[in-house]
Structures are given as structure tokens and as C-alpha cells.
Amino acid sequence: MGGEQGMACADHVERHSQDSSGVNLRNRPGVNDSYLTPASTDEAAQILADSAPRSVALGGGTMVMALFADGTAPFNTLIDLSRIGLDRIDTADGGVRIGAMVTLDGLARHPQTAFLSAAARSIGGPAIRNLATVGGNVAVCGDLAVALSALGAEIELRRGRERTTIAVEGWRPDIGEGALIVSVTLPRAPRSLGFYKLARRRHASQAVVTAAVHRTSDGRLRVAAGGFHRPPSVVEAADLAAAGEALSQMFEPVSDATASAAYRHRMLPVALGAAHAVANGEPTSK
Amino acid sequence: MTSLVRFFLNGRDATAVAEPTMSLLQLLRDSLGCFGVRAGCRQGGCGSCSVLVDDRLVLACLVPAQRVDGARVVTVEGLASGGRLSAVQAAFVAEGATQCGYCSSGMVLAVTALLKENPQPSEEDVQEAIAGNICRCTGYLPIVRAALRAAREGTVEERG
């Protein structure tokens, strides 16, 4: 402590003189900033409900910390969820309950969620997957939300003491204000899921279109598409042609740095066809 | 509301004051002088600030500084021991896998993390392991060769 501080890597450090990255540091700490570490789900849900909208639930930090680095974070209270035990995957009565703080790496490796492994591994590189959480990816309508919505998954929410559930594809950011995502639940664990993320690179790349095809127990197809931070489009249909037709009617992609909306529309059948091939166990080109 | 963070940095006790919104990257560079941890994009997009926290590869720019209280953190400064480079570092030198050097510390840690878990990776395993680390010199082939060389030649102890 004291004099020892700052000696870990360099002999001399000019402390607090400037941000060493050379970039003008915009996230100057504010006097009202706070970092809270609740010890239970009840406590976290209550703090979040009481302090919205200036607070944010901190899962893996991959979204929240980037906002602080950018200087665009609209909140000043971080509620760290790492000590409230939401990092378990439980199975009961044929269903699966995935805690919001399960990391994407943990999800990819867990034997009870092997059907979500491809979806989890499609996101980021290893370092991101060691941090990013299931709850966080669902909250920003990421690629995992596409896979989960094809499976009919629900988000379990806490708003103070109130408990509610909402379909993954029904999630909107405004629903989340003051609410805590506790877990994602699946009514039954499928044997497999046809998942395909169409992107510019195989790894660590944003999606052009992400598609997921799930064959339900009555032989129909439940199909979802998205991958660009908007709620996934989901349809159920008798076969791929009907699903593709229905999906293209409701599919409203965005234009961003990765792809234009028009290109995403053109690529929807490609991603869907590839996801369907995976669902049928057919080989797809990587 | 600052907090005192105590953790193990490269095998030694470290203590630093952390603001609520401070990242591990800021803590390591600005408070503790670990300039081997690069501040590239600071958005989780480039991999140049990769470090190990409790043996797992993470991006220091995305980890809240207060979360590493009690954790073991390893930066590139902690890989060499007794003046000897780790097997991964030595392989990067042998293969000329550094070019401008900006991504090197993150790449070395990404490969170090891979070899801890998978001592005999395939070329594709290596590619996937460094997928989140960008080399803007685009010198990926020597980096992949260096990873495979370290797997071939280094003992487990030498891998850091």
C-alpha cells in the first residue's frame, strides 16, 4: 500500500495526470457515480427499481463498460450482478432454466445446453464469451435471442418484488427500465437447433442475418431471424417455404455499418436455408 | 464513491483506488503502470487489452476495475520469469510474429490462454482463439505459426 502502489509494472507512473491511452478521457468520474454489489436477487431487483433510469444492471460489462469508455453512458449507478448467484443452468421437468449471469462460454460448454452451443460460439471471440452473459445478450436482442426465440424461450423478469415473464421476441428496451432479467427459461430442452449466423467473417463478426430453425414436437417449424439488435421476427409454419414466405413479410432489418436493410432482406432466404440444413443435419459450407 | 481494490497482479499483491466506472484497463495502465496492456479501441472490439483474470482471457477495457478485487490478474509483464521469455513469447520472436507490436501482448495472452486449456491445438483452434484479436499489420500467419510452435516446443511450465 501507499508507496508500493503503482510499482507493479513500471518504476514510475504519473498518477492521474492523464489518460495513458493518449485519448482525451471523456468519462471523468462524477461525484454521484456509484458501484453497488447487492448480495441477493431481491436486493438487486429493489435497487434497480428504485434507482431507474440512472442505474444499470452490470452483467459481463461488454455493453455497459463500452458506453462509459465512449462517454455516452446515460447512467451513473452500476449494479454489479456477479454476487447474486444467477450463474446456474438447471433442468427440471424436461425444461431448462438458464441464469442471466451464465456467460456465453459457460452456455457453450454446458452439457444441458449443447443445442445452444453454436449460437453462443457465434458471438465475439473467446475473451468476449468469457465476459458476456445470457441476460445481457437477450437484453440487446443479440444472436442468442434469435436462437432462444425459435425455441419459444421466455425471459423471467423482476421489477422490485413483482415477477413477470415475457417471450424473448417480445422484449423491448423500454420494458427493461428498472427491471432485472433473472433467467431465460425453455419449456422443454430440444435435441438440436438449426442455427446459422450469416456474417462477413466466420468468427467475432456482426451478423448480416442470423436465423434459427426449430422443429417442434408436432413436426412444424418454428423459425426466427434477426441479429441486428432488434427483436427477432418469429413465425411457425408447416414447412420451410411457408416459413420463409411469412418471415419475409414481417422481417424489418436495419441498415448499419455491417449491411444495408435491402441486403439483409436479400440474404434472409440464404441464412434461413442454411439454418434449415443444419436442423436437418445436412452439411453447410462454412 | 471510490473503492480500494486489492488483487494479485503478476504474482504480487497490488492495491489501487478505483472509481465506480473505471475499467481494469485504466486501473492497470494509469494506476499501476502496466503499459504492455494496450489501450486500442477501449470498446471490446480489438483485443489489444487482453489479460488473464483467474486464468481466463478477458478484455481489460470491459471489466469494471472493482470486480477484480481478490482476483489473480496476469498481463504480458507477468509472463517472463527469471529473465526468460515464456514459451509463447519465445515462439513469437522465433517466427517474427510481432511486426509493429501493437497487438502482440494481447495475442500472446490469447495464445497463452488457449494452450492452458488445449495443449495441442489445431491450426483452426488457433484461428478461433485469436479471432477477437485484431492485427492491423494483418500478420496473422506468423502468429498462428508461433502458437503452433509454442505448442510443439514449450513445456507446460514454460507457457506461463
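Calculation rules
Residues numbered from 1 in each chain as written. Chains lettered and ligands numbered in written order. Predicted model: local features only at pLDDT ≥ 70, side-chain atom pairs only at ≥ 80, totals over all residues. Heavy atoms only, no water. Helix = DSSP H or I, 4+ residues; strand = E, 2+ residues; numbered from the N terminus. Buried < 20%, exposed > 50% of the residue type's maximum accessible area, 1.4 Å probe, protein only. Contact = heavy atoms within 4.5 Å. Areas by Shrake-Rupley, 256 points an atom, 1.4 Å probe, with all protein chains shown as cover. Pairing = 2+ DSSP bridges. Right-handed = clockwise from strand over helix to strand, strands pointing away. Axes fitted to C-alpha atoms, helices over the stretch in contact; angles between N-to-C directions. Left-handed = near helix turned anticlockwise from the far one by under 90°. Nonpolar A, V, L, I, M, F, W, Y, C, P; charged D, E, K, R; others polar. Core = buried A, V, L, I, M, F, W, Y, C linked by side-chain atoms within 4.5 Å. Arc of directions from axis to C-beta. Phe/Tyr/Trp six-rings, centres within 6.5 Å; stacked < 30°, edge-to-face > 60°. Disulfide = S-S within 2.5 Å.

Peer 1: Please explain the overall build of chain A as it appears in this structure.
Peer 2: Across its full length, chain A holds nine helices and 12 strands. Residues classed as buried in chain A amount to 52% of the 286 residues present. Within chain A, counting contacts between residues at least 6 apart in sequence, those at least 24 apart form 54% of the total. Put simply, chain A shows about 13,200 Å² of open surface, and 48% of that area lies on carbon and sulfur atoms.

Peer 1: Looking at this model, I keep getting lost on the pairing of strand 3 (residues 77-80) of chain A. Mind explaining?
Peer 2: In regular strands, side chains alternate between the two faces of the sheet. All names here are of chain A. A two-sided burial pattern is seen for strand 3, the buried positions comprising Thr77 and Ile79 on one face and Leu78 and Asp80 on the other. Both strand 1 (residues 34-36) and strand 3 contribute to a ladder of three bridges, which runs parallel. Directly across from Tyr35, in strand 3, lies its bridge partner Leu78. Relative to strand 3, strand 2 (residues 55-58) runs parallel, the two being bridged by four bridges. When the sheet's bridge partners are listed, Leu58 is paired in strand 3 with Asp80. Regarding topology, helix 2 (residues 64-70) serves as the crossover connection from strand 2 to the parallel strand 3, and that connection is right-handed.

Peer 1: What's the story with the pairing of strand 2 (residues 12-18) of chain B in this structure? I'm lost.
Peer 2: Residue and element names in this part refer to chain B. In this sheet, strand 2 lies alongside strand 1 (residues 3-9) in antiparallel orientation, the contact comprising seven bridges. From the neighbouring strand, Phe7 faces strand 2, where its bridge partner is Ala14. Taken together, strand 1 and the strand that follows it, strand 2, pair antiparallel across an intervening segment of two residues, in which Asn10 is found at a positive phi of about 50 degrees.

Peer 1: Sorry if this is basic, but what is going on with the packing of helix 8 (residues 240-250) of chain A against helix 9 (residues 261-279) of chain A here?
Peer 2: A packed helix pair is summarised by two numbers, namely the angle formed by the two axes and the spacing between the axes. All names here are of chain A. Taken N-terminus to C-terminus, the directions of helix 8 and helix 9 make an angle of 150 degrees; their axes are 11 Å apart at the nearest point. Judged by the twist between their axes, the crossing of helix 8 over helix 9 is right-handed. Packed against helix 8, whose contacting residues are Leu240, Gly244, Leu247 and Ser248, the element helix 9 presents His265, Leu268, Leu272 and His276 at the interface. Looking at the contact of helix 8 with helix 9 residue by residue, the classes come out as four nonpolar, four polar and no charged.

Peer 1: Is there a simple way to explain the nonpolar core in this structure?
Peer 2: Where a protein is soluble and globular, its nonpolar side chains tend to be buried together. Counting 116 residues, the largest nonpolar core has Leu116 of chain A together with Phe7 and Leu28 of chain B as the members making the most contacts within it. The element best represented in this core is helix 3 (residues 104-117) of chain B, accounting for eight residues. Not counting the four nearest positions on each side in its chain, Leu116 of chain A is found in contact with Ile98, Leu107, Leu144, Ala147, Leu148, Leu151 and Leu193 of chain A. Listed in part, the 23 residues of the second largest apolar core include Val213, Ala237, Ala243 and Met267 of chain A.

Peer 1: Any chance you could explain helix 1 (residues 41-51) of chain A here in plain terms?
Peer 2: In an α-helix there are 3.6 residues to a turn, and that puts residues three or four apart on one side. Residue and element names in this part refer to chain A. What helix 1 keeps buried is the set Thr41, Ala44, Ala45, Leu48 and Ser51. Viewed end-on, helix 1 has its buried residues packed into an arc of 150 degrees, placing them on one side of the element. Buried residues belonging to helix 1 abut strand 2, strand 3, strand 6 (154-159) and strand 8 (180-186).

Peer 1: Can you help me understand the packing of aromatic side chains in this one?
Peer 2: The description of two aromatic rings rests on the distance between their centres and on the angle between their planes. All names here are of chain A. Under the definition given, this model contains two aromatic pairs over all chains. Judged by centre distance (5.9 Å) and plane angle (65 degrees), the ring pair of Phe68 and Phe75 falls under edge-to-face. Using a relative accessible area of 14% as the deciding quantity, one classes Phe75 as buried. Here Phe228 and Phe251 contribute two aromatic rings whose centre-to-centre distance is 5.7 Å and whose plane-to-plane angle is 65 degrees, an arrangement assigned as edge-to-face. Highlighted residues: Phe228 in the loop between strand 11 (221-226) and strand 12 (233-237) and Phe251 in the loop between helix 8 and helix 9, separated in sequence by 23 residues.

Peer 1: I keep staring at unusual backbone geometry and nothing clicks. Help me out?
Peer 2: Note: most residues except glycine have negative phi, and most peptide bonds are trans. All names here are of chain A. Here the amide bond leading from Ala52 into Pro53 is cis, since omega sits at 0 degrees, within 30 degrees of zero. Mapped onto the elements of the fold, Pro53 is located in the loop between helix 1 and strand 2. Despite not being glycine, Cys141 has its phi angle at roughly 55 degrees, a positive value. Tracing the sequence through the fold places Cys141 in the loop between helix 6 (134-139) and helix 7 (143-150).

Peer 1: Is there a simple way to explain the state of the cysteines in this structure?
Peer 2: A disulfide bridge is the covalent bond that connects two cysteines by way of their sulfur atoms. Residues and elements named next belong to chain B. Taken as a whole and judged by the stated rule, the model has zero disulfides over all chains. Among the cysteines around Cys103, which has no disulfide bond, Cys135 carries the closest sulfur, lying 4.1 Å off. Take Cys103: its relative accessible area is 9%, and that puts it in the buried class. Unpaired in this structure, Cys137 has its nearest cysteine sulfur neighbour in Cys100, at a distance of 3.7 Å. Judged by relative accessible area, Cys137 falls into the partly exposed class, the value being 29%.

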